[in-house]
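The chain contents come next:
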Amino acid sequence: MRDAYHEELDSIGDGLVEMARLVGSAIGRATTAMLDSDLKLAENVIEADQRVDELQHELEARAIALLARQQPVATDLRIVVTSLRMSADLERSGDLAQHVAKLARLRYPDRAVPSDLHATILEMGQLAQRLMAKAAEVIITKDVDLALQLEQDDDEMDLLHRTLFQHLMDDRWKHGIETAVDVTLLGRYYERFADHAVSVAKRVVYLVTGEHADELQADMQPDIQAVSGAESA
């Protein structure tokens with residue numbers, strides 16, 4: 001019975017990894033559809049989000065069944081509850097990738113992104129995909145250090161997001177209001193996608209340590225400062 005119970009716990013983790021990989025792929029393909037004005041690819045991304053929703057529903061059903069049958073405590077309870085929260089983050093990430101694809105479909109055969117912003121949007125899409133791939137790795141490995149790195153990696157997305165706004169606020173902007181709205185939405189979609197990847201990683205930190213990531217980083221800060229002081233001495 002205990003073996004079956006732990007197999008169920010493992011299957012929840014496997015479902016989270018599959019969700020992370022699916023939404024990571026989705027944001028990459030949605031970005032390609034956006035920049036290439038590829039209607040077929042956009043439609044594929046939109047339709048594929050149904051699988052992410054199905055996985056979330058399956059994971060929720062397994063988790064609730066475990067809570068009802070096994071009444072887990074301590075670490076096992078943290079696994080189940082935290083997994084439910086991670087599945088919500090991942091499902092929302094899939095929705096954001098779908099939003100990008102829907103914008104590509106809406107503007108077809110035109111492109112929502114002007115040529116002078118293609119490189120920035122491409123970089124945001126690639127970074128979003130890398131962040132989610134790293135989140136999937138964190139789920140698998142339970143590597144707390146790697147999980148904490150994601151928040152630092154997310155700073156790069158914030159910088160790209162600010163770059164978009166600098167273009168929008170520039171007096172030389174010549175692409176009109178509709179394109180400005182499209183670019184604003186896209187920037188928000190990528191920023192929020194990255195935030196969800198970071199949230200997944202933070203939840204793994206809590207799962208492993210029982211501490212929230214922000215609290216753990218605060219605890220580690222004096223040690224980091226002490227090491228820095230010793231090195232400078």
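Residues numbered from 1 in each chain as written. Predicted model: local features only at pLDDT ≥ 70, side-chain atom pairs only at ≥ 80, totals over all residues. Heavy atoms only, no water.

- The chain carries the name Phosphate-specific transport system accessory protein PhoU in an unreviewed UniProt entry, which gives Streptomyces indiaensis as its organism.
- In UniProt, the chain has this text filed under Subunit (unreviewed entry): "Homodimer."
- Under Function (unreviewed entry), UniProt gives the following word-for-word description of the chain: "Plays a role in the regulation of phosphate uptake." (UniProt positions renumbered as here; feature names shortened; annotations may be inferred.)

**Comments concerning the overall build of the chain**
Reasoning step 1: Scanning the chain for helices and strands turns up 7 helices and 0 strands.
Reasoning step 2: Each helix and strand of the chain, ordered N terminal to C terminal, gives the series α-α-α-α-α-α-α.
Reasoning step 3: Each principal axis of the C-alpha distribution contributes one length, and for the chain these read about 60 × 55 × 20 Å.
Reasoning step 4: Across the 233 residues of the chain, 44% fall into the buried class.
Reasoning step 5: At a minimum sequence separation of 6, the contacts of the chain that also span at least 24 residues come to 82%.
Reasoning step 6: Taken together, the 24 basic and 43 acidic charged side chains of the chain have centroids lying 4 Å from each other. (Helix = DSSP H or I, 4+ residues; strand = E, 2+ residues; numbered from the N terminus. Buried < 20%, exposed > 50% of the residue type's maximum accessible area, 1.4 Å probe, protein only. Contact = heavy atoms within 4.5 Å. Lys, Arg positive; Asp, Glu negative; His and termini not counted. Charge placed at Lys NZ, Arg CZ, Asp CG, Glu CD.)

**Focus on unusual backbone geometry**
Reasoning step 1: Between tyrosine 108 and proline 109 the backbone carries a cis peptide bond, its omega angle lying at 5 degrees.
Reasoning step 2: Residue serine 37 is not a glycine yet carries a positive backbone phi of 50 degrees.
Reasoning step 3: Mapping serine 37 onto the fold places it in the loop between α1 (2-36) and α2 (39-70).
Reasoning step 4: Of the residues examined, serine 37 reaches a relative accessible area of 12% and is grouped as buried.
Reasoning step 5: Located in the positive-phi region is lysine 142, a residue other than glycine, with phi close to 55 degrees.
Reasoning step 6: The topology assignment puts lysine 142 in the loop between α4 (118-141) and α5 (144-169).
Reasoning step 7: Lysine 142 sits in the partly exposed class, given a relative accessible area of 38%.

**What to know about the nonpolar core**
Reasoning step 1: Core analysis: the largest hydrophobic core is formed by 71 residues, its most contacted members being Leu186 and Tyr190.
Reasoning step 2: Filtering out sequence-adjacent residues up to four positions away, tyrosine 190 remains in contact with Ile27, Thr31, Val100, Ile121, Met124, Gly125, Ala128 and Met157. (Core = buried A, V, L, I, M, F, W, Y, C linked by side-chain atoms within 4.5 Å.)

**A few points about the packing of aromatic side chains**
Reasoning step 1: As enumerated under the stated definition, the model contains 0 aromatic pairs in all.
Reasoning step 2: Its guanidinium or amino end placed over the ring of tyrosine 206, arginine 78 lies 5.9 Å from that ring's centre, counting from NZ or CZ. (Phe/Tyr/Trp six-rings, centres within 6.5 Å; stacked < 30°, edge-to-face > 60°. Lys NZ or Arg CZ within 6 Å of the ring centre and 35° of its normal.)

**Focus on helix α6 (residues 176-209)**
Along an α-helix, a turn takes 3.6 residues, which lines up residues three or four apart on a common side.
Reasoning step 1: Between the first and last C-alpha of α6 there are 50 Å, a value that for 34 residues agrees with the 50 Å anticipated at 1.5 Å per step.
Reasoning step 2: Once α6 finishes, glycine 210 follows within two positions and takes phi at roughly 80 degrees, a positive value. (Expected span 1.5 Å × (residues − 1).)

**Some details on a nonpolar patch on the surface**
Reasoning step 1: Among the surface-exposed residues, Ile177, Val181 and Leu185 lie close enough to one another that they form a single nonpolar patch of about 280 Å² accessible area.
Reasoning step 2: The exposure class of isoleucine 177 is exposed, given its relative accessible area of 71%. (Patch = residues over 30% accessible without salt bridge, like charges linked within 9 Å, V, L, I, M, F, W, Y side chains within 5 Å. Areas by Shrake-Rupley, 256 points an atom, 1.4 Å probe, with all protein chains shown as cover. Salt bridge = Lys/Arg side-chain N within 4 Å of Asp/Glu carboxyl O.)

**Quick notes on the UniProt feature "domain: PhoU" (unreviewed entry) in the chain**
Reasoning step 1: What UniProt calls "domain: PhoU" (unreviewed entry) maps, in this numbering, to residues 16-103 and 121-204.
Reasoning step 2: For the annotated span residues 16-103, helix accounts for 94% and strand for 0% of the residues, and the straight-line distance between the end C-alpha atoms is 27 Å.
Reasoning step 3: Helix makes up 90% of residues 121-204 and strand 0%, and the two end C-alpha atoms of the span are 29 Å apart.

**As for the pattern of salt bridges**
Reasoning step 1: Enumeration over the complete set of coordinates arrives at 13 salt bridges.
Reasoning step 2: A salt bridge links glutamate 43 to arginine 105; the shortest N-O distance between them is 3.2 Å. In this pair, glutamate 43 sits in helix α2 while arginine 105 sits in helix α3 (residues 74-107), placing the two residues 62 residues apart along the sequence.
Reasoning step 3: Accessibility expressed as a relative area gives 27% for glutamate 43, which makes it partly exposed.
Reasoning step 4: In this structure, glutamate 54 engages arginine 51 in a salt bridge whose closest nitrogen and oxygen atoms are separated by 3.5 Å. Of the two residues, glutamate 54 and arginine 51 are both situated in helix α2; the distance of 3 residues between them amounts to about one turn of the helix.

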